[in-house]
Amino acid sequence: MISKPKSDDYAPYAAGYVNLVPDGADVLQVLADNQASTYKLFHGLTEEQAMHAYAEGKWTLKEVLGHMIDTERVFSFRAFVFSREDISLPGFDQDTYVNSTDFNSRSIQSLADEFRAVREATLFLYRSFSPGQLACSGVASGALVKVAALVYITAGHELYHLNIIKERYL
């Protein structure tokens, strides 16, 4: 089981994500469980429901899922790279990423399938890390982050968006 990271293992902005993972939880199991439930949530939406945005200028549910996919790829790439070398990687602007593609032109089923596939790859990667690799770190967006923290940040980021979806979309 991967221990919950200390606050100096990640940037302050990520505390909100890390803290959403329940204390004592097996973070890899959280990711695995949410793979199925998040897939089911999005795959069960109609196209009309998936095009809903809760306010003017806010993302549609398709865009939220696309953002979740993009962000998981970024976090898992960072974890992969930092597990192999101590290096600095640039940040990414979530709005630029969402605005640079047209998630709304895709079917919600296609996006849900992609989410499931990306999560599967993420789980294979995260389960492969040795204790030594989990302790490795690098710099992302100008801040030091440990590989183990990125595992928690990945899980917490999903939980964060699921909470927003439940509160504002559904």
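Asks: Tell me about the sheet that holds strand β3 (residues 143-146), residues and numbers included.
Replies: Spatially, the three strands line up as an open sheet ordered β1-β2-β3, and their pairing is mixed. The open sheet has two free edges, formed respectively by β1 (88-89) and β3, since each of these has just one partner strand. Pairing analysis gives two bridges linking β1 to strand β2 (residues 137-140), with the strands arranged parallel. The residue bridging Ser88 from the neighbouring strand is Val139, located in β2. Along the sheet, helix α4 (residues 61-84) contacts β1, β2 and β3; its crossing angle with β2, the most-contacted strand, is approximately 135 degrees.

Asks: I'd love a proper account of the pairing of β2, names of residues and values included.
Replies: As defined by bridge partners, β2 adjoins β3 across four bridges and the pair is classed as antiparallel. Looking at β3, one finds that Gly138 is bridged to Val145. Hairpin remark: β2 followed by β3, antiparallel, with two residues in the connecting loop; positive phi at Ser141, about 55 degrees.

Asks: Describe unusual backbone geometry, listing the residues and the values that go with them.
Replies: Even without being a glycine, Ser141 presents a positive backbone phi close to 55 degrees. Along the chain, Ser141 falls in the loop between β2 and β3. The exposure class of Ser141 is partly exposed, given its relative accessible area of 44%.

Asks: How would you summarise the pattern of salt bridges if you had to cite specific residues and measurements?
Replies: What the rule picks out here adds up to eight salt bridges. The shortest N-O distance in the salt bridge between Arg73 and Glu114 comes to 2.8 Å. In this pair, Arg73 is assigned in helix α4 and Glu114 in helix α6 (residues 108-128), connecting sequence segments 41 residues apart.

Asks: Provide a residue-level description of the packing of α4 against α6, including the pertinent values.
Replies: Where α4 contacts α6, the axes come no closer than 10 Å and their chain directions differ by 20 degrees. Relative to α6, α4 is oriented roughly parallel. The handedness of the crossing between α4 and α6 comes out as left-handed. For the pair formed by α4 and α6, the contact residues are Lys62, Leu65, Ile69, Glu72, Arg73, Phe75, Ser76, Ala79 and Phe80 on the first element and Ile108, Leu111, Ala112, Glu114, Phe115, Val118, Arg119, Thr122, Leu125 and Tyr126 on the second. When grouped by side-chain class, the residues that make up the contact of α4 with α6 number twelve nonpolar, two polar and five charged.

Asks: I'd like a rundown of α6, residues and numbers included.
Replies: Counted at 1.5 Å a residue, the expected span for α6 with its 21 residues is 30 Å, and the 30 Å between its end C-alpha atoms agrees. Those residues of α6 that are buried lie in contact with α2 (27-43), α3 (47-50), α4 and α8 (147-169).

Asks: Hey, could you go over the packing of aromatic side chains for me, with residue numbers and the actual values?
Replies: The final tally for this structure, using the stated rule, is five aromatic pairs. A ring pair is formed by Tyr13 and Tyr17, whose centres lie 6.4 Å apart and whose planes are at 90 degrees; its orientation type is edge-to-face. Tyr17 sits in the buried class, given a relative accessible area of 15%. Across from the ring centre of Tyr39, 3.9 Å away, lies the NZ or CZ of Arg116, which sits over that ring.

Asks: I'd love a proper account of the nonpolar core, names of residues and values included.
Replies: Counting 34 residues, the largest nonpolar core has Ile2, Val27, Phe82, Tyr126, Val145, Val151 and Ile153 as the members making the most contacts within it. The set of elements that each furnish at least two residues to this core consists of α1 (15-18), α2, α4, α6 and α8. The element that contributes the greatest number of residues to this core is α8, accounting for nine residues. Beyond its immediate stretch of four places on either side in the chain, Val27 contacts Ile2, Val21, Val151, Tyr152 and Ala155.

Parameters at a glance
Residues numbered from 1 in each chain as written. Predicted model: local features only at pLDDT ≥ 70, side-chain atom pairs only at ≥ 80, totals over all residues. Heavy atoms only, no water. Pairing = 2+ DSSP bridges. Helix = DSSP H or I, 4+ residues; strand = E, 2+ residues; numbered from the N terminus. Contact = heavy atoms within 4.5 Å. Axes fitted to C-alpha atoms, helices over the stretch in contact; angles between N-to-C directions. Buried < 20%, exposed > 50% of the residue type's maximum accessible area, 1.4 Å probe, protein only. Salt bridge = Lys/Arg side-chain N within 4 Å of Asp/Glu carboxyl O. Parallel < 35°, antiparallel > 145°, perpendicular 65-115°, else oblique. Left-handed = near helix turned anticlockwise from the far one by under 90°. Nonpolar A, V, L, I, M, F, W, Y, C, P; charged D, E, K, R; others polar. Expected span 1.5 Å × (residues − 1). Phe/Tyr/Trp six-rings, centres within 6.5 Å; stacked < 30°, edge-to-face > 60°. Lys NZ or Arg CZ within 6 Å of the ring centre and 35° of its normal. Core = buried A, V, L, I, M, F, W, Y, C linked by side-chain atoms within 4.5 Å.

Scope: geometric values only; no functional claims are made or implied.
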